[in-house]
Amino acid sequence: MSAFLDETGTLITVSSSNPLPVGGKSVQKSASFTRPADTTAYAANDAIANSTTAPTLLSFANCANANGGQGYIVKTMLLTNQKTCTARFRLSFYHTAPSPINDNAPKPMLYADKDKLIGRIDLDPCNTEDTTSDAAFALSTALMPYVCAAADTTIYCILTTLDAFTPASAQQFYLEITCELS
C-alpha cells in the first residue's frame, strides 16, 4: 500500500478498495462586459474594457482544484453583439491580477508583470454564421497550460484588439474558457 496527502493535507491510503484519484475535471467559466457608450475607433493593440477610467479585469474563479493548482485552457470563445465585427483579438491570461487597462488605451507589455503572465491566445477574425445572426464570434482550441497563484484558483484576462476597428456604442462582449483541471 502507498499513501499521499490530499489538497487539504489529509493522509490518504491507496488500496484496491481506495485507488489513487486521477484528475480530468472540465470546467467552463465565462465573463461578460459592456464597453463604454461611444464609437471611438480602436487602434491595433488597444485594450477593450468596461470603462475608460476604472476598468474591471476579466476574471475566472475556480480554475483549479486547489490554491496553486494547475490545468490547461483547452478552448476559448469570444462573442460580441456587433455582428459586423471582423477584428482579431488577443486574450492575455495571468495567474495574478495585473493592473487593469482603460478601454481604448494601448496595452503595454510590462516587465513587472513577467511573473504574473500565463500566456496569450490570438483569435482568428470574428465572423458571423449568416445574415440572420445578431452576433460575431471567434473560437480557439489552442492548448495553454497554467498554474494558479499559490493562494488562488483564479485566472485573470485582458482583452485587446489586434486590428483597428470602430466599435458599436455600448458593444457587448462575452468570453468563455474551458479548462481541464489537473
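Our subject is the structure listed above.
Predicted, not measured: the structure shown is a model, and the values here were computed from it. (Residues numbered from 1 in each chain as written. Predicted model: local features only at pLDDT ≥ 70, side-chain atom pairs only at ≥ 80, totals over all residues. Heavy atoms only, no water.)

Q: Quick question: what am I supposed to make of the environment of Cys-179 here?
A: Residue placement: Cys-179 occurs in strand S12 (residues 172-181). The exposure class of Cys-179 is buried, given its relative accessible area of 0%. Expressed as a C-alpha distance, the spacing of Cys-179 and Val-74, which sit 105 residues apart in the sequence, is 5.7 Å. Excluding residues that lie within four positions of it along the chain, Cys-179 makes contacts with Lys-25, Ser-26, Val-27, Cys-63, Tyr-72, Ile-73 and Tyr-146. (Helix = DSSP H or I, 4+ residues; strand = E, 2+ residues; numbered from the N terminus. Buried < 20%, exposed > 50% of the residue type's maximum accessible area, 1.4 Å probe, protein only. Contact = heavy atoms within 4.5 Å.)

Q: Honestly, the side chain of Ser-133 in this entry has me stumped. Any pointers?
A: Its place among the elements puts Ser-133 in the loop between strand S8 (117-122) and strand S9 (136-140). Non-local contacts of Ser-133, meaning those with residues more than four positions away in its chain, are made with Lys-83 and Thr-128.

Q: When you look at the environment of Thr-161 in this model, what are you seeing that I'm missing?
A: Within the secondary structure, Thr-161 is located in strand S11 (residues 155-161). Residue Thr-161 is classed as buried on the basis of its relative accessible area of 0%. Sequence spacing of Thr-161 and Arg-88 is 73 residues, and the spatial spacing of their C-alpha atoms is 6.1 Å. Residues contacting Thr-161, with those up to four places away along its chain left out, are Tyr-42, Ala-43, Ala-44, Asn-45, Asp-46, Ile-48, Ala-87, Arg-88 and Phe-89. Within polar-contact distance, the side chain of Thr-161 engages the backbone oxygen of Arg-88 at 3.5 Å. (Polar contact = N/O pair within 3.5 Å; in protein donor to acceptor, adjacent residues only side chain to side chain.)

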